[in-house]
Amino acid sequence: MSSTAGRWFRYAAIAETFSWVGLLIGMFFKYIVVKNDIGVFVFGRLHGAMFVFYLVTLLWTARVHRWSFGRLVVGGAASIPPFLGLLFERWVAKRTPAAPPAETEPALTPAR
C-alpha cells in the first residue's frame, strides 16, 4: 500500500508484532527462568499501546482504502493472536491497489 495510511498501518503491524515478541519473552522469564515480572510489566504496557496503535491505523487504512466490513473485522481479529497482525498486513498489501481511490489526484482540464 503506497498511501500514508498504508505505511502507518505497516509500521503499526510491525511494532505490534515486536511488542508481542517482547511480551512472550517477558512471560518466559517470569514463569520459567527468574520468576520476576519486570519483563511482563514493561512489555505488557508497550504491547497494550501498540495494540491500540494497530487498531487506530487499521480503522484509518480501512477508511482510506474503502475496505469492506468483513476485511475490517478480519483485520481486527488478526490483532489478537500473536504475529497474525503482520501476516494480515502482508496479505492485504498484496491485494490493495497502489493508489487508493480517496487519494488519487483529479484530472487536469485545459483552461479556455
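Residues numbered from 1 in each chain as written. Predicted model: local features only at pLDDT ≥ 70, side-chain atom pairs only at ≥ 80, totals over all residues. Heavy atoms only, no water.

A look at the packing of aromatic side chains
- As enumerated under the stated definition, the model contains 8 aromatic pairs in all.
- Ring geometry for W8 versus F53: centroids 6.2 Å apart, planes at 80°, classification edge-to-face. Residue W8 is found in helix 1 (residues 4-33), and its partner F53 is found in helix 2 (residues 38-64); the two are separated by 45 residues along the sequence.
- For F53, a relative accessible area of 27% puts it in the partly exposed group.
- Aromatic side chains F88 and W91 sit 6.1 Å apart centroid to centroid with 35° between the ring planes, which places their arrangement in the tilted category. Placement of both F88 and W91 in helix 4 (residues 84-94) is noted, with a separation of 3 residues, approximately one turn of the helix.
- According to the relative accessible area criterion, F88 is buried, its value standing at 5%.
- By the ring-pair criterion, three or more aromatic residues cluster together here, those being F9, Y54, W67, F88 and W91. (Phe/Tyr/Trp six-rings, centres within 6.5 Å; stacked < 30°, edge-to-face > 60°. Helix = DSSP H or I, 4+ residues; strand = E, 2+ residues; numbered from the N terminus. Buried < 20%, exposed > 50% of the residue type's maximum accessible area, 1.4 Å probe, protein only.)

Concerning the packing of helix 2 against helix 3 (residues 69-78)
- Running from amino to carboxyl end, helix 2 crosses helix 3 at an angle of 165°, the nearest separation of the two axes being 10 Å. Classified by the angle between their axes, helix 2 and helix 3 sit roughly antiparallel to one another. Where helix 2 crosses over helix 3, the handedness of that crossing is right-handed. Facing helix 2, whose interface residues are Y54, L55, L58, L59 and A62, helix 3 presents L72, G75, G76 and A78. (Axes fitted to C-alpha atoms, helices over the stretch in contact; angles between N-to-C directions. Parallel < 35°, antiparallel > 145°, perpendicular 65-115°, else oblique. Left-handed = near helix turned anticlockwise from the far one by under 90°. Contact = heavy atoms within 4.5 Å.)

Quick notes on the side chain of S3
- For S3, the location among the structural elements is in the segment before helix 1.
- The class for S3 is buried, based on a relative accessible area of 1%.
- Polar side-chain contacts of S3 include one of 3.0 Å to the backbone nitrogen of G6. (Polar contact = N/O pair within 3.5 Å; in protein donor to acceptor, adjacent residues only side chain to side chain.)

Description of a nonpolar patch on the surface
- Nonpolar side chains collect at one region of the surface, where V21, L24, I25, M27, F28, F29, Y31, I32, V33, V34 and F83 lie side by side and expose about 960 Å² of accessible area between them.
- Topologically, F28 is positioned in helix 1.
- Residue F28 is classed as partly exposed on the basis of its relative accessible area, which comes to 45%. (Patch = residues over 30% accessible without salt bridge, like charges linked within 9 Å, V, L, I, M, F, W, Y side chains within 5 Å. Areas by Shrake-Rupley, 256 points an atom, 1.4 Å probe, with all protein chains shown as cover. Salt bridge = Lys/Arg side-chain N within 4 Å of Asp/Glu carboxyl O.)

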